[in-house]
2 protein chains.
Amino acid sequence: MSKNLTTRSEDYSKWYNELVVKADLAENSGVRGCMVIKPYGYAIWEKMQAELDRMFKETGHQNAYFPLFVPKSMFEAEEKNAEGFAKECAVVTHYRLKNDPEKPGKLIVDPNAKLEEELIVRPTSEAIIWSTYKGWVQSYRDLPLLINQWANVVRWEMRTRLFLRTAEFLWQEGHTAHATRKEAIEESEKMMNVYADFAQNFMAIPVVKGLKTETERFAGAEETYCIEALMQDGKALQAGTSHFLGQNFAEAFDVKFANAEGKQEYVWGTSWGVSTRLMGALVMTHSDDQGLVLPPNLAPIQVVVVPIYKTDEQLAQIAEEVNKLIADLRKLRISVKFDDRTTHKPGFKFAEWELKGVPVRIAVGPKDLENGTYEVARRDTLTKEVKSKEGIAAFISDLLDQIQADLFKKALDYRETHITEVNSFEEFKDVLENKGGFVSAHWDGTAETEEKIKELTKATIRCIPLNGVEESGACVFTGNPSGKRVFFAKAY
Amino acid sequence: MSKNLTTRSEDYSKWYNELVVKADLAENSGVRGCMVIKPYGYAIWEKMQAELDRMFKETGHQNAYFPLFVPKSMFEAEEKNAEGFAKECAVVTHYRLKNDPEKPGKLIVDPNAKLEEELIVRPTSEAIIWSTYKGWVQSYRDLPLLINQWANVVRWEMRTRLFLRTAEFLWQEGHTAHATRKEAIEESEKMMNVYADFAQNFMAIPVVKGLKTETERFAGAEETYCIEALMQDGKALQAGTSHFLGQNFAEAFDVKFANAEGKQEYVWGTSWGVSTRLMGALVMTHSDDQGLVLPPNLAPIQVVVVPIYKTDEQLAQIAEEVNKLIADLRKLRISVKFDDRTTHKPGFKFAEWELKGVPVRIAVGPKDLENGTYEVARRDTLTKEVKSKEGIAAFISDLLDQIQADLFKKALDYRETHITEVNSFEEFKDVLENKGGFVSAHWDGTAETEEKIKELTKATIRCIPLNGVEESGACVFTGNPSGKRVFFAKAY
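Residues numbered from 1 in each chain as written. Chains lettered and ligands numbered in written order. Predicted model: local features only at pLDDT ≥ 70, side-chain atom pairs only at ≥ 80, totals over all residues. Heavy atoms only, no water.

- As annotated in an unreviewed UniProt entry, chain A is Proline--tRNA ligase from Flavobacterium seoulense.
- A UniProt comment under Catalytic activity (unreviewed entry) is attached to chain A, and it reads "tRNA(Pro) + L-proline + ATP = L-prolyl-tRNA(Pro) + AMP + diphosphate".
- Per UniProt, chain A has the following entry under Sequence similarities (unreviewed entry): "Belongs to the class-II aminoacyl-tRNA synthetase family. ProS type 3 subfamily." (UniProt positions renumbered as here; feature names shortened; annotations may be inferred.)

### Structural notes on the overall build of chain A
- When helices and strands are counted, chain A shows 14 helices and 26 strands.
- In summary, chain A has a C-alpha radius of gyration of 26 Å against a globular reference of 23 Å for 492 residues, a match within 12%.
- For chain A, the C-alpha atoms occupy an extent of roughly 80 × 70 × 55 Å along the three principal directions.
- Taking all 492 residues of chain A together, the buried fraction comes to 60%.
- Here the analysis covers contacts within chain A between residues at least 6 apart in sequence; of these, 68% occur between residues at least 24 apart.
- By element, 47% of the accessible surface of chain A is carried by carbon and sulfur atoms, the whole surface being about 20100 Å².
- For chain A, the distance from the average position of its 63 positive side-chain charges to the average position of its 74 negative side-chain charges is 4 Å. (Helix = DSSP H or I, 4+ residues; strand = E, 2+ residues; numbered from the N terminus. Rg over C-alpha atoms; globule rule 2.2 N^0.38 Å. Buried < 20%, exposed > 50% of the residue type's maximum accessible area, 1.4 Å probe, protein only. Contact = heavy atoms within 4.5 Å. Areas by Shrake-Rupley, 256 points an atom, 1.4 Å probe, with all protein chains shown as cover. Lys, Arg positive; Asp, Glu negative; His and termini not counted. Charge placed at Lys NZ, Arg CZ, Asp CG, Glu CD.)

### With respect to the packing of helix H2 (residues 39–58) of chain A against helix H8 (residues 277–286) of chain A
Residues and elements named next belong to chain A.
- The geometry of H2 relative to H8 is characterised by a closest axis approach of 10 Å and an angle of 105° between their N-to-C directions. Between H2 and H8, the angle is such that the two are roughly perpendicular. Of the residues in H8, those in contact with Gly41, Ile44, Trp45 and Met48 of H2 are Leu278, Met279 and Leu282.
- Tallied by class, the residues present in the contact of H2 with H8 amount to 6 nonpolar, 1 polar and no charged. (Axes fitted to C-alpha atoms, helices over the stretch in contact; angles between N-to-C directions. Parallel < 35°, antiparallel > 145°, perpendicular 65-115°, else oblique. Nonpolar A, V, L, I, M, F, W, Y, C, P; charged D, E, K, R; others polar.)

### Topic: the domain arrangement of chain A
- Here the domain parsing of chain A yields domain 1 (12–286), domain 2 (301–401) and domain 3 (419–489).
- Placing a centre on the C-alpha atoms of domain 2 of chain A and another on those of domain 3 of chain A gives a separation of 49 Å. (Domains from an automatic or database assignment.)

### Quick look at the relation of the copies chain A and chain B
- When chain A is fitted to chain B, the best match, at an RMSD of 0.0 Å, comes from turning it 180° and sliding it 0.0 Å along the axis. Interpreted geometrically, this transformation is the action of a two-fold axis. If distances are taken from each C-alpha of chain A to the rotation axis, the shortest is found for valine 92 of chain A, at 2.1 Å.
- The overlap is high: 100% of the interface residues of chain A also sit at the interface in chain B, so the same surface is used on both sides. (Least-squares fit on C-alpha atoms with pLDDT ≥ 70 in both.)

### Comments concerning the sheet that holds strand E8 (residues 114–121) of chain B
- The sheet built from 6 strands is open, its strands ordered E4(A)-E8(A)-E5(A)-E5(B)-E8(B)-E4(B) with antiparallel pairing. Either end of the sheet is taken by a strand with one partner, and the two such strands are strand E4 (69–71) of chain A together with strand E4 (69–71) of chain B. This sheet shows a mean twist of 45° between the axes of neighbouring strands, independent of strand direction.
- The pairing of strand E5 (residues 91–94) of chain B with E8 of chain B spans 3 bridges and is classified as antiparallel. (Pairing = 2+ DSSP bridges.)

### Overview of the interface of chain A and chain B
- Each partner contributes residues to the interface: chain A has 64 residues there, and chain B has 64 residues.
- Taking both sides of the interface into account, the surface hidden between chain A and chain B amounts to around 5200 Å²; carbon and sulfur atoms contribute 67%.
- Contact with chain B buries surface across chain A, with Tyr65, Leu97 and Leu107 of chain A losing the most and accounting together for 13% of the total.
- The tally of links from chain A across to chain B stands at 4 salt bridges.
- The partner of lysine 106 of chain B in a salt bridge is glutamate 76 of chain A, with the nearest N and O atoms 3.8 Å apart.
- At the junction of chain A and chain B, the tally comes to 30 residue pairs in polar contact (both at pLDDT 80 or more).
- Pairing between strand E5 (residues 91–94) of chain A and E5 of chain B: 3 bridges, direction antiparallel. By the bridge assignment, valine 91 of chain A is partnered in E5 of chain B with histidine 94 of chain B. (Buried area = accessible area lost by both parts, 1.4 Å probe. Salt bridge = Lys/Arg side-chain N within 4 Å of Asp/Glu carboxyl O. Polar contact = N/O pair within 3.5 Å; in protein donor to acceptor, adjacent residues only side chain to side chain.)

### Regarding the nonpolar core
- Of all hydrophobic cores here, the largest spans 100 residues; its most connected members are Phe69 of chain A together with Phe69 of chain B.
- Setting aside residues no more than four positions away along its own chain, phenylalanine 69 of chain A makes contact with Val92, Leu119, Ile120, Val121 and Ile128 of chain A together with Val31, Cys34, Ala90, Val121, Val154 and Trp156 of chain B.
- Grouped together as the second largest cluster of nonpolar side chains are 80 residues, Ile205, Trp272, Met279 and Ala459 of chain B included. (Core = buried A, V, L, I, M, F, W, Y, C linked by side-chain atoms within 4.5 Å.)

Laid out in structure tokens, this is it:
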């Protein structure tokens with residue numbers, strides 16, 4: 001197969017768009033801004049879901065499901081949240097179509113089926129969930145509520161890109177309720193850490209943990225924790241957020257509990273989410289000009305075996321040998337595909353599996369049968385070596401671990417060399433334009449300065465890193481005093 | 001805890017509604033006709049999903065995800081399908097809210113954000129999926145496409161009931177495309193059989209496999225296969241459907257392929273689905289006046305252990321013993337909960353776990369510790385016995401299998417005694433009114449007769465059973481000739 005991918009250096013953005021489509025991850029649909037997630041892309045998302053779901057359950061959370069629609073009056077109850085999402089809401093106004101009297105075979109909205117109250121397609125579910133929690137919480141004994149939902153949400157974005165920004169996307173949203181401020185803050189931090197562990201251990205993506213500024217905070221939150229990743233083009237990508245909601249939603253929906261002394265108090269809340277946007281981060285962190293590079297921990301197919309043969313008899317001999325190998329690999333819980341299609345040549349298959357990012361390719365031909373060997377190729381390094389079939393399964397298993405670790409290390413090295421401390425605005429602009437990455441700079445803490453820097457450079461404050469050190473300095477823009485550096489970057 | 005459940009004989013419908021809420025399965029939300037699926041209910045649905053998903057994958061299907069919205073022009077392309085769902089469509093007409101100039105803090109739909117074309121919230125996804133398949137299929141080598149989607153759908157039903165009929169529900173929908181009519185029919189039949197196996201082996205619900213009449217067929221299908229279950233009140237419930245779509249959607253969306261001879265042909269299609277409605281079937285098939293009865297294969301908690309103690313020291317001793325038991329049960333992949341809450345008495349706990357349908361309850365007190373015994377209670381039969389702790393884990397494992405088998409047998413016995421052959425319309429009405437269940441009767445094959453019988457008795461033809469024998473008879477209503485009996489029933 002011919003890949004014909006635009007290279008990253010030619011046009012990073014175009015490379016990404018082409019790769020997502022050509023690798024069969026997703027494509028645009030006939031519905032503006034909405035994507036179709038294709039089976040290969042969805043299989044990666046399923047692996048992400050399975051790991052995250054396990055991690056949520058291990059930290060005491062249960063899944064539930066809440067309605068897709070939010071009545072307008074419920075939606076507007078928490079004012080900041082409503083204001084934050086009002087500009088991008090899909091609104092259901094009618095509940096029936098009827099035949100178009102003027103055009104046979106066509107339908108029109110039935111004007112007699114107008115809803116008394118409009119329904120908002122959830123852009124996020126705090127409103128519907130907190131209106132439900134009101135009925136679930138009476139006493140401190142009912143707390144904490146530790147609930148997660150896997151769902152689709154809709155935000156009517158004007159400029160969309162596959163996975164990164166789509167009108168509809170899939171996500172999980174955790175919504176928890178607690179008796180104390182302290183416990184809710186601990187929960188927010190815990191889930192940020194769960195996301196960071198997932199990003200690093202499964203996606204092989206290093207992340208910076210931090211707090212959002214007030215400007216970038218979730219609408220309705222008191223504090224937003226986030227994990228920020230760095231893509232290969234030097235732009236940042238927000239990979240997950242965890243919000244400490246204070247008592248905002250409890251007050252808006254009147255969710256109170258009787259504490260141990262019998263006194264009524266408002267409940268403390270958190271919410272946290274990651275979405276199919278992670279698919280975009282995965283692609284942009286590791287992939288190269290040959291196609292996808294998938295970390296073994298999330299690859300739907302970890303090993304592909306391609307037979308090299310001329311005759312049916314050779315294929316049969318190879319298949320016999322390969323079936324033993326496959327059985328051994330499966331015992332080690334390695335997912336393996338034997339690509340014995342007779343319709344395509346090995347070269348085509350090599351290119352296809354490279355494009356699709358399968359971490360390890362094994363080729364085997366008549367000569368290998370004679371010599372008792374396999375040719376083992378790594379997708380990440382595009383290197384190959386001939387290995388004896390003795391102990392090959394264990395070798396492959398170790399190799400997959402090695403690839404996982406190497407991908408993380410490579411991404412971490414890139415990230416580490418792309419955090420640049422600057423002390424003047426000239427330096428700031430220079431680094432941003434010519435190097436990219438996170439620019440670590442002092443900031444005076446005002447939204448005005450943040451906004452001006454954004455206007456001038458398109459860089460936003462990605463986060464106030466949690467591991468940042470206290471140091472006195474001068475704001476890179478105004479020169480006003482600052483006690484800590486923050487991370488600026490251009491971002492997706 | 002006090003259950004205060006209405007009994008089935010008092011009011012079956014009220015019993016069901018109360019049970020679903022009191023057992024923490026689901027509740028009505030603040031959105032008309034939409035339910036909240038609570039964690040305990042969702043945990044059962046997750047077990048259903050896991051098994052079905054495994055079965056779909058074992059039969060060669062892959063998951064994918066398609067948009068929530070369907071543009072109106074796309075929706076109306078397959079006319080019969082559009083006509084069938086037009087009357088219950090939620091329609092998105094706008095994409096933004098704005099501040100209400102007259103009421104501060106309130107929002108109104110922004111009239112300047114009207115969509116050029118209305119979007120239908122999917123009631124089912126044939127339209128969006130077949131419009132996508134057009135791009136995926138060129139040659140016979142691209143076929144078959146064997147795809148499934150887990151999703152939410154919306155049908156604006158006027159009368160709703162938790163799980164059984166809700167405006168939004170969760171389901172899976174398989175959509176496959178084939179090169180030949182024969183292969184598509186085989187696929188429809190295969191998936192009906194997968195559903196039947198799932199219903200019988202996991203839900204412990206016997207089902208009748210059959211074909212729908214033209215009147216009851218899916219809008220846009222050439223043939224609808226179904227599985228029909230019988231509830232304890234003698235009413236039938238359609239538990240799953242599998243449609244042979246012929247070339248209807250391929251023609252509507254111009255999905256053609258080049259066959260092996262290079263000739264263009266329309267693709268053949270199927271679609272098949274089961275939904276959260278199965279939760280309703282599960283509740284209504286097995287549960288009793290004490291609460292839920294869950295088949296072990298779908299119970300989120302299979303065994304609950306309740307300690308009986310007076311002192312903290314006794315509780316500690318019991319816990320030590322129970323922890324060994326739990327470890328042994330978990331090794332056998334049995335999910336077990338130790339209810340060591342100190343806030344509730346054993347009697348309360350017994351009632352709560354009965355209400356929630358946990359298949360096996362183990363109670364253990366100081367006397368049991370002395371004697372080396374456990375008290376083991378079955379939820380389905382409400383019987384209990386004292387067992388030696390020697391070999392208890394294996395005993396429990398066998399007991400769970402026994403309960404699963406007994407529940408199926410009980411439901412099958414009920415179903416078998418509630419299929420009644422009738423040969424006159426008097427008999428028909430008598431059985432329907434006084435006994436319920438499936439009424440096996442000759443029918444002249446016309447929609448008119450079907451409709452008249454429905455008007456007079458509220459009974460519909462649930463299916464034309466696939467295992468029915470050819471026999472010549474006279475239609476129970478018109479006396480016209482008939483070659484086969486069909487199953488009538490009142491239905492959910």
